[in-house]
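Coordinate analysis (summary)
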Amino acid sequence: MKALLHCLLALLAALAVALPSPGSEGGENAGGTGVWILPFCSQINTESQEEPSSLQARLTIPVADLNRDIRMQLSSQMGQSVATCVDELTGCPTSLVVVGRTVTVPSQILRSLSQAHVCATILVVDASSCGYRITVQVDQATGAINLLVY
């Protein structure tokens with residue numbers, strides 16, 4: 001009987017560890033692994049005329065090293081996703097790599113935006129229009145880059 005109780009307790013502990021929990025509000029790059037964890041996704045309205053600058057960014061990602069790709073982990077609420085980056089100068093969309101729940105922004109794109117002092121918008125959406133609108137903000141004086149997640 002005592003062995004059965006120990007097995008049951010171990011099973012309950014393993015179940016508690018394995019159950020999914022609600023996501024967080026996002027945060028630093030996953031303890032230094034280089035993957036930024038994004039907050040909960042939201043409904044993306046492509047018809048909206050509201051400027052992202054009038055909204056409060058939910059997460060700011062400072063890009064310290066332009067020679068490294070930026071990887072962002074999407075919310076578990078999202079289904080299979082696609083990501084595009086559109087710069088303000090040409091308006092041409094560039095497809096970004098999405099593997100599972102991780103979006104990668106290549107360092108080549110970040111360097112070219114910094115050198116040209118051009119801002120961009122990254123849209124990450126799934127089939128139900130849930131996702132993220134990310135503004136790539138370039139400091140005109142220094143070329144420093146911040147990613148603002150809305």
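Residues numbered from 1 in each chain as written. Predicted model: local features only at pLDDT ≥ 70, side-chain atom pairs only at ≥ 80, totals over all residues. Heavy atoms only, no water.

Observations regarding the overall build of the chain
For the chain, the count of helices and strands is 2 helices and 10 strands. When the helices and strands of the chain are placed in sequence order, the string is α-β-β-β-β-β-β-β-α-β-β-β. Within the chain, the proportion of its 150 residues that are buried is 34%. Sequence-distant contacts in the chain: of pairs separated by 6 or more residues, those separated by 24 or more amount to 61%. Of the roughly 9200 Å² that the chain leaves accessible, carbon and sulfur atoms contribute 58%. (Helix = DSSP H or I, 4+ residues; strand = E, 2+ residues; numbered from the N terminus. Buried < 20%, exposed > 50% of the residue type's maximum accessible area, 1.4 Å probe, protein only. Contact = heavy atoms within 4.5 Å. Areas by Shrake-Rupley, 256 points an atom, 1.4 Å probe, with all protein chains shown as cover.)

Considerations on the nonpolar core
Among the nonpolar cores identified, the biggest contains 32 residues, and Met72, Tyr132 and Leu147 are the most heavily contacted of them. Looking at this core element by element, the count peaks at 5 residues for strand β9 (residues 130-138). Apart from residues no more than four positions distant in its own chain, Met72 is found in contact with Val35, Trp36, Leu38, Ile61, Arg101, Thr102, Val103, Val105, Ile134 and Leu147. (Core = buried A, V, L, I, M, F, W, Y, C linked by side-chain atoms within 4.5 Å.)

Details of the confidence of the model for the chain
The pLDDT averaged across the chain works out to 82; a share of 77% of its residues lies at or above 70. Overall, residues 21-26 carries pLDDT values under 50, and its contacts beyond four positions in sequence, including any with other chains, amount to 9 contacts. (pLDDT = per-residue confidence, 0-100.)

So, unusual backbone geometry
Of note, His117 is a non-glycine position whose phi angle comes to about 55 degrees, a positive value. Inspection of the secondary structure puts His117 in the loop between α2 (107-116) and β8 (120-126). The exposure class of His117 is partly exposed, given its relative accessible area of 29%.

Things to note about α2
Of the residues making up α2, those classed as buried are Ser107, Ile109, Leu110, Leu113 and Ser114. Take α2 and look down its axis: the buried residues cluster within an arc of 160 degrees, on one side only. Exposed positions of α2 whose direction lies more than 90 degrees from the buried face are Gln108 and Gln115. Looking one or two places after α2, you find His117, whose phi comes out positive at around 55 degrees. (Arc of directions from axis to C-beta.)

Describing the environment of Val97
By the secondary structure assignment, Val97 is in strand β6 (residues 93-99). Once the C-alpha coordinates of Val97 and Ser81 are considered, the two residues, 16 residues apart in sequence, prove to be 9.9 Å apart. With near-sequence residues (within four places) excluded, Val97 lies in contact with Thr102, Val103 and Thr104.

Some details on the side chain of Ser114
Considering the arrangement of structural elements, one finds Ser114 in helix α2. On the accessibility criterion, Ser114 (10% relative accessible area) is buried. Not counting residues up to four positions away in its chain, the partners in contact with Ser114 are Leu66, Val138, Gly143 and Ile145.

Considering the pairing of β8
Every second residue of β8 is oriented toward a common face, the buried set being Ala120, Ile122, Val124 and Asp126 and the non-buried set Thr121, Leu123 and Val125. As defined by bridge partners, strand β5 (residues 81-87) adjoins β8 across 7 bridges and the pair is classed as antiparallel. In the sheet register, Asp87 faces β8, and the bridge partner there is Ala120. (Pairing = 2+ DSSP bridges.)

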